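# Analysis of the macromolecular model
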Protein chains: 2
Amino acid sequence: MFNFSDVLSDVAIREAQPFAGFPPFHFVGGNIDEPTVPADALANAVATVLRECGHTMGKYGMDSGPQGYLPLRAFVAGMLKRRAGMNVATGDVLLTTGSLQAMDLVNSTLLNRGDVVVLEDANYSGALTRLDALGVEYIGVPLDDDGMRMDALDAALADLKANGRRAKFIYTIPTVQNPTGSVMPIERRREMLAISGKYNVPIFEDDCYADLMFSGARPPAIHALDDEGRVIYCGTFFKTIAPALRVGYLVTPWPLMGRILPLKTDAGSGALEQLVLAEYLPAHFDNHVTGLLPMLQEKADALCGALDEHFGASVEYTRPVGGIYLWVTLPENVDTDRLYQVALAEGVEINPGSQWTVDGPANRHRMRLCFGHPSVENIRRGIAKLAQVCFDEFGVPERGGNVAR
Amino acid sequence: MFNFSDVLSDVAIREAQPFAGFPPFHFVGGNIDEPTVPADALANAVATVLRECGHTMGKYGMDSGPQGYLPLRAFVAGMLKRRAGMNVATGDVLLTTGSLQAMDLVNSTLLNRGDVVVLEDANYSGALTRLDALGVEYIGVPLDDDGMRMDALDAALADLKANGRRAKFIYTIPTVQNPTGSVMPIERRREMLAISGKYNVPIFEDDCYADLMFSGARPPAIHALDDEGRVIYCGTFFKTIAPALRVGYLVTPWPLMGRILPLKTDAGSGALEQLVLAEYLPAHFDNHVTGLLPMLQEKADALCGALDEHFGASVEYTRPVGGIYLWVTLPENVDTDRLYQVALAEGVEINPGSQWTVDGPANRHRMRLCFGHPSVENIRRGIAKLAQVCFDEFGVPERGGNVAR
């Protein structure tokens, strides 16, 4: 048989295993609760829209051109005005195949090998691996409970400038940061814009989780506070409607939009998903999201409660005000790369901290837990099991459920 | 305002203009006839499937893992057995976001900058621009009416070998080649496999148009004739069901599949499109395709007839047996790059030959015409207009419709 290992590229370094199903206790990934997917309403919407304008799928991009289905772009513009305070024209909106494609497009439009980007030092794993693959350097800026620290951001950019370098952009998730869950207050957003101006470095604002705040008010987007066209913005529907619906949006005016479009070489994002969302969202989006929040709050409470019960003083975390993730610090002797392996063997999957941070080795005692997908019951059972596995491997937590192990 | 032109990457070289709608006579792209999109049947299918299993969209990849929705993979495997003679397990199938993602994945898994690929010297423009962007060299092999010439393929690989090089793969569209429409007979497919073995070079078989043969029998896929696992195969539903439905498939067994999956960093292709196709296709695919063919035949006949009428002896082409493209040779003095511009100003869009060939300058008197999308009436009117524009600019065709201009 032909041996393809002879002809692999330099980037084909990892090897996947065949899918073996989800583990019973599934605390990873951006999955959400299955019953929250509005399947019946989507079914009605898609039937209606297909009967009315399904034939336009005979053309790539239907009649709306390469930026995506115009009625959905109009919804996005209105929704961003209402929810994030942004003034956006439909011509500034590009519909993408998930927000990951938006990120890929911004990266390929702005980044060369050897460039440098500044970002939160605990971060979305996929953002970091993408920059690694592009040969782009990234400098991590520490966070506090209000998000990226502006003194540290200023220092990082000053340091680059002193070395004759300029960051290509500041990548930030200001609202319900991944993985820390922090929400940047409006004053700090204004400060980031001032620093962005001081060093003449644009901002790439990733607002994927902003619709999922279940406590406190959502601040205006950084994009909404920007008078100088320095902010590129992206968001998504997949956290609010269904992760497997791959529709995101990128917001930037021309002329940058005109540079991004030639690099979107996919012959258009999926039409059916755009059609159905354009039909469903105008009447349902706000209510649907509002309905999601108490359930997310309940799960966040369940996760915090289970951690308190089974890990006690062995964990530190900040109680989340939104989103689907909890960022957990364990005692220094717990190596979550190892914990990941032994827990998975017991049916509990977690995200090890080393993969969600710029300085992986310094964060091996941290982990990210997603509470979006498992039920409250499975959150409780999964955390109890995780505590037992962690104790068996590392001797912590010594006490759980008020009993010594 | 911030000036993004200061921070663009090296690949952000082209600049798109805002979409201004399709021109009236639209002979480009892989678009199909709008009335052929089975919108009502798709509407029924999607309503059914969403009510039954829409909730599984709460998970990336639903319950089927990163290779895509298992029932659709099962359909693909059965369809490829029935229509292309291939023996494929569901575990060998990866559902992709259009066949372009399949191509991108094969490229990134196998190609490094400086590598070389061998392919048909008239080719899909997007394949060539992708290789350009990757810094990969490609060697064009001439075609005849039976597709890629095997003597020339052997010579190209021998030449590389003499220079101490080995092609990473042979890229071929053997069935209804783009843009020439040629169909490679089974004997030549066997010959290609023998040459592939002789030089130990795998084959990447792109079968995107194979379902659209309206004259003659479809030969078995090269993949079906291969005993040594040397053929990677891709196909798509977007030419048969709807271009804007972005679902393609890539077929290759493990272990190569395991190398490809980590490079598919999109968190899964669109679920809704997979669900609806899995519901619709098993009962409808063969009938739907069979129903398309007479219409494509009629349009091909209309295009050939219009060219004969208005261009007469000034054009050469091979009458198509399938697909949606005609590859047309004009007199040497006609520059289709220029013709593209003047015709577009008159509402007629064509694909200039320079973009569909390895040696662009040598093919500036050729053009690709897509007959999939325009109506028979618009084909006739558009070609009449194109002939007039061509005469005004280049003095040919001197006669058209049996009258001197």
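Residues numbered from 1 in each chain as written. Chains lettered and ligands numbered in written order. Predicted model: local features only at pLDDT ≥ 70, side-chain atom pairs only at ≥ 80, totals over all residues.

## Thoughts on the overall build of chain A
Summing up its helical and strand segments, chain A has 11 helices and 16 strands in all. For chain A, whose C-alpha radius of gyration is 22 Å, the value lies close to the compact-globule estimate of 22 Å for 405 residues. Once the C-alpha set of chain A is aligned to its principal axes, its extents read approximately 65 × 60 × 60 Å. Every one of the 405 residues in chain A was classed for burial, and the buried ones make up 55%. Taking as baseline every contact in chain A between residues at least 6 positions apart, the subset at least 24 positions apart corresponds to 74%. (Helix = DSSP H or I, 4+ residues; strand = E, 2+ residues; numbered from the N terminus. Rg over C-alpha atoms; globule rule 2.2 N^0.38 Å. Buried ≥ 20, exposed ≤ 12 C-beta atoms within 10 Å, placed from the backbone. Contact = placed C-beta atoms within 7 Å.)

## Description of the nonpolar core
Judged by nonpolar contacts, the single largest core of 255 residues is most densely connected at Val46(A) and Val46(B). Once residues within four sequence positions are removed from consideration, Val46(B) is found in contact with Ala43(A), Val46(A), Ala47(A), Leu50(A) and Val276(B). (Core = buried A, V, L, I, M, F, W, Y, C linked by C-beta atoms within 7 Å.)

## So, the environment of Pro219(B)
Residue and element names in this part refer to chain B. Mapped onto the elements, Pro219 comes out in the loop between β8 (203-206) and β9 (231-236). C-alpha separation for the pair Pro219 and Thr175, spaced 44 residues apart in sequence, amounts to 7.9 Å. Excluding anything up to four places from it in sequence, Pro219 contacts Thr175, Val183, Met184, Pro185, Ile186 and Arg189.

## Structural notes on the domain arrangement of chain A
Residue and element names in this part refer to chain A. As far as domains go, chain A holds domain 1 (21-38 + 292-404) and domain 2 (39-285). The centre of domain 1, based on its C-alpha atoms, is set 27 Å off from the matching centre of domain 2. With 24 residues of domain 1 at the contact, the number on the domain 2 side is 30 residues. Going through the elements one at a time, α9 (271-311) and β11 (325-329) are the ones with two or more residues in the side of domain 1 that touches domain 2. Across the side of domain 1 that touches domain 2, the residue classes tally to 14 nonpolar, 8 polar and 2 charged. (Domains from an automatic or database assignment. Nonpolar A, V, L, I, M, F, W, Y, C, P; charged D, E, K, R; others polar.)

## Describing the sheet that holds strand β8 (residues 203-206) of chain A
Residues and elements named next belong to chain A. Pairing is mixed in the open sheet, where 7 strands are placed in the order β2-β10-β9-β8-β7-β3-β4. A strand with exactly one partner marks an edge of an open sheet, and here the two such strands are β2 (93-96) and β4 (137-141). Direction aside, neighbouring strands of the sheet carry axes that sit 20° apart on average. One ladder, built from 4 bridges, connects β2 with strand β10 (residues 248-251); its direction is antiparallel. (Pairing = 2+ DSSP bridges. Axes fitted to C-alpha atoms, helices over the stretch in contact; angles between N-to-C directions.)

## Observations regarding the packing of helix α5 (residues 150-162) of chain B against helix α6 (residues 186-199) of chain B
Residue and element names in this part refer to chain B. Between α5 and α6, the least distance of the axes is 10 Å, while the angle of their chain directions is 10°. Considering the angle they form, α5 stands roughly parallel to α6. Residues Met150, Leu153, Asp154, Leu157 and Lys161 of α5 touch α6, and the partners they reach there are Arg188, Glu191, Met192, Ile195 and Tyr199. Among the residues forming the contact of α5 with α6, the class breakdown is 6 nonpolar, no polar and 4 charged. (Parallel < 35°, antiparallel > 145°, perpendicular 65-115°, else oblique.)

## Let's talk about the pairing of strand β3 (residues 116-120) of chain A
All names here are of chain A. Counted residue by residue, β3 has 4 buried out of 5 residues, so it is predominantly covered. Bridge count for β3 against β4 is 5 bridges, and the pairing is parallel. Looking at the pairing, Val118 lines up with Ile139 of β4. Handedness of the β-α-β unit built from β3, helix α4 (residues 125-134) and β4 comes out right-handed. Relative to strand β7 (residues 170-172), β3 runs parallel, the two sharing 2 bridges. Across the sheet, Val118 pairs through a bridge with Ile170, a residue of β7. (Right-handed = clockwise from strand over helix to strand, strands pointing away.)

## Quick notes on α9(A)
Residues and elements named next belong to chain A. Over its 41 residues, α9 extends only 47 Å from the first C-alpha to the last, a length that falls short of the 60 Å expected when each residue adds 1.5 Å. Maximum bend of α9: about 70°, positioned at Leu281, with proline Pro282 one to four residues after it. Just beyond α9, the residue with positive phi is Gly312, at close to 55°. (Expected span 1.5 Å × (residues − 1). Bend = angle between axes of the 7 residues up to and from the residue.)

## Here's the deal with unusual backbone geometry
In this model, Asn178(A) is joined to Pro179(A) through a cis peptide bond whose omega is 15°. Take Pro179(A): it is sitting in the loop between β7 and α6 (186-199). Omega for the bond connecting Trp254(A) with Pro255(A) falls within 30 degrees of zero, at 5°, which places this linkage in the cis form. Mapped onto the elements, Pro255(A) comes out in the loop between β10 and α8 (256-260). The phi dihedral of Asn200(A) is positive, around 55°, even though this residue is not glycine. With respect to the element layout, Asn200(A) can be found in the loop between α6 and β8. Phi is positive for Val176(B), which is not a glycine, with a value near 60°. Note on placement: Val176(B) falls in the loop between β7 (170-172) and α6.

## A few points about the sheet that holds strand β14 (residues 366-370) of chain A
All names here are of chain A. Pairing is antiparallel across the open sheet formed by 3 strands, whose spatial order is β11-β14-β13. Of all strands in the sheet, those with a lone pairing partner are β11 and β13 (351-352), marking the two edges. Note that β11 and β14 share 5 bridges and pair antiparallel. Pairing of Thr329 across the sheet is with Arg366, part of β14.

## Comments concerning the environment of Arg82(A)
Following the sequence through the fold, Arg82(A) ends up in helix α2 (residues 70-84). Residue class for Arg82(A) comes out exposed when judged on the 11 C-beta atoms lying within 10 Å of it.

## Looking at helix α10 (residues 336-345) of chain A
All names here are of chain A. Within the span of α10, buried status applies to Thr336, Leu339, Tyr340 and Ala343. The buried residues of α10 all sit within an arc of 105° when viewed along its axis, so they share a single face. Summarising the geometry of α10, the exposed residues directed more than 90 degrees from the buried face are Gln341 and Ala345. (Arc of directions from axis to C-beta.)

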